[in-house]
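Inside the fold
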Amino acid sequence: MFIQPKLNYSFDALEPYIDKETMEIHYEKHHANYYKNFNDITQKYPDLKKMSLEEILKNLPSLSVNKADRKKIQNNGGGSLNHDLFWETMNPNNKKNQNLTKEIEIEFGNIEKFKEIFSQIALNHFGSGWAWLVGDKDNKLKVYSLPNQDSPLSISDTPLLCLDLWEHAYYLKYQNKRADYIASWWNLIKII
Ligand code: MN3
């Protein structure tokens, strides 16, 4: 069984930037459902149950599964793990992500420049997906977006920071104003 990690803060803890109702539906319905579907599909493959979620996504192209199931594993495994990181990086009690500052300054010049680049990518991403800050194989930081629930792990990158660009992540509060959602979200990220 792959278990959805507990959210270590209350649904209203990210107010006013992310509203309580969005958090509740997002965590209890959307995220829970990715875990449920991921468990349903991996039931069929005893080998996968011995692997971690990370290992499965890293080895996605070489898993011994049929084509339709590989797609379900990609969508629901990514949907499970991507949100795990998303919740963790916004955790008001978590100072873990503060140590990225120096690396970001080296790679992007300064934090403001990095935020600008990341925000532009998030804003310009067409349709559903995620904006990512990742470390590549040579430990170099990169920013890009990926469609749907695709994980950077499946292209050999290590996820460090992510922003959910699916409308379910912001529509109740921000409607079509993705730029406002992105600008608000930075208030929850303590990498500086
Ligand atoms: Mn989501």
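Residues numbered from 1 in each chain as written. Predicted model: local features only at pLDDT ≥ 70, side-chain atom pairs only at ≥ 80, totals over all residues. Heavy atoms only, no water.

Across its full length, the chain holds eight helices and three strands. Relative to the globule expectation of 16 Å for 192 residues, the C-alpha radius of gyration of the chain, 16 Å, shows essentially globular dimensions. In terms of its C-alpha atoms, the chain occupies a principal-axis envelope of roughly 45 × 40 × 30 Å. Looking at the chain as a whole, 49% of its 192 residues are labelled buried. When contacts within the chain are restricted to residue pairs at least 6 apart in sequence, long-range pairs at least 24 apart make up 63% of them. Total accessible area on the chain stands at roughly 9,800 Å², and carbon and sulfur atoms take up 51% of it. Of the side-chain charges in the chain, 24 are positive and 25 negative, and the distance between the mean point of each set is 4 Å. (Helix = DSSP H or I, 4+ residues; strand = E, 2+ residues; numbered from the N terminus. Rg over C-alpha atoms; globule rule 2.2 N^0.38 Å. Buried < 20%, exposed > 50% of the residue type's maximum accessible area, 1.4 Å probe, protein only. Contact = heavy atoms within 4.5 Å. Areas by Shrake-Rupley, 256 points an atom, 1.4 Å probe, with all protein chains shown as cover. Lys, Arg positive; Asp, Glu negative; His and termini not counted. Charge placed at Lys NZ, Arg CZ, Asp CG, Glu CD.)

For helix 6 (residues 111-124), which comprises 14 residues, the first-to-last C-alpha distance of 20 Å matches the rise-based estimate of 20 Å (1.5 Å per residue) to within 8%. Within helix 6, burial applies to I111, F114, K115, F118, S119 and A122. Around the axis of helix 6, the buried residues are gathered within 125° of arc, so they sit on the same side. Opposite the buried face of helix 6, by more than 90 degrees, sit the exposed residues E112 and N124. Residues of helix 6 that are buried make contact with helix 5 (101-108), strand 1 (129-135), strand 2 (141-147), strand 3 (158-164) and helix 8 (178-185). Two or three places before E112, at the start of helix 6, stands the capping residue N110, its side-chain oxygen 3.1 Å from that residue's backbone nitrogen. (Expected span 1.5 Å × (residues − 1). Arc of directions from axis to C-beta. Polar contact = N/O pair within 3.5 Å; in protein donor to acceptor, adjacent residues only side chain to side chain.)

So, about unusual backbone geometry. E15 connects to P16 through a cis peptide bond whose omega is 0°. Within the element layout of this structure, P16 appears in the segment before helix 1 (20-42). The phi torsion at N139 lies on the positive side, around 60°, for a residue other than glycine. Tracing the backbone through its elements, the reader meets N139 in the loop between strand 1 and strand 2.

Another point: the coordination of the manganese ion. Under ideal tetrahedral coordination, the four donors around a metal are separated by 109.5 degrees; under ideal octahedral coordination, the six donors are separated by 90 or 180 degrees. H26 (NE2), H83 (NE2), D164 (OD) and H168 (NE2) make up the full set of protein donors to the manganese ion, lying at 2.0 to 2.1 Å. Motif for the manganese ion, donor spacing along one chain: H-x56-H-x80-D-x3-H. Highlighted residues: H83 in helix 4 (residues 67-90) and H168 in the loop between strand 3 and helix 7 (171-174), separated in sequence by 85 residues. With respect to burial, H83 and H168 carry one shared label: buried. (Donors = N, O, S within 2.8 Å, 3.2 Å for Na, K, Ca; no water.)

With respect to the helices and strands, the residue Q149 is situated in the loop between strand 2 and strand 3. For Q149, a relative accessible area of 2% translates into the label buried. Among the polar contacts listed, one links the side chain of Q149 to the side chain of Y34, at a separation of 2.9 Å. Each residue touching Q149, except ones within four places of it in the same chain, is listed here: Y34, Q74, N75, G78, G79, N82, H83, W130 and W166.

As a further point, take the domain arrangement of the chain. Partitioning the chain into domains gives domain 1 (20-89) and domain 2 (98-188). When each unit is reduced to the centre of its C-alpha atoms, the spacing between domain 1 and domain 2 is 20 Å. On the domain 2 side, the residues contacting the 20 residues of domain 1 number 20 residues. Here domain 1 and domain 2 share an interface that buries about 1,700 Å² over both sides, 60% of which is from carbon and sulfur atoms. At the junction of domain 1 and domain 2, the tally comes to zero salt bridges. Summed over the shared surface of domain 1 and domain 2, the number is eight residue pairs in polar contact (both at pLDDT 80 or more). Secondary-structure elements contributing two or more residues to the side of domain 1 that touches domain 2 are helix 1, helix 3 (53-58) and helix 4. Take the side of domain 1 that touches domain 2: its biggest share by element is 10 residues, from helix 4. For the side of domain 1 that touches domain 2, a count of residues per class yields seven nonpolar, 10 polar and three charged. (Domains from an automatic or database assignment. Buried area = accessible area lost by both parts, 1.4 Å probe. Salt bridge = Lys/Arg side-chain N within 4 Å of Asp/Glu carboxyl O. Nonpolar A, V, L, I, M, F, W, Y, C, P; charged D, E, K, R; others polar.)

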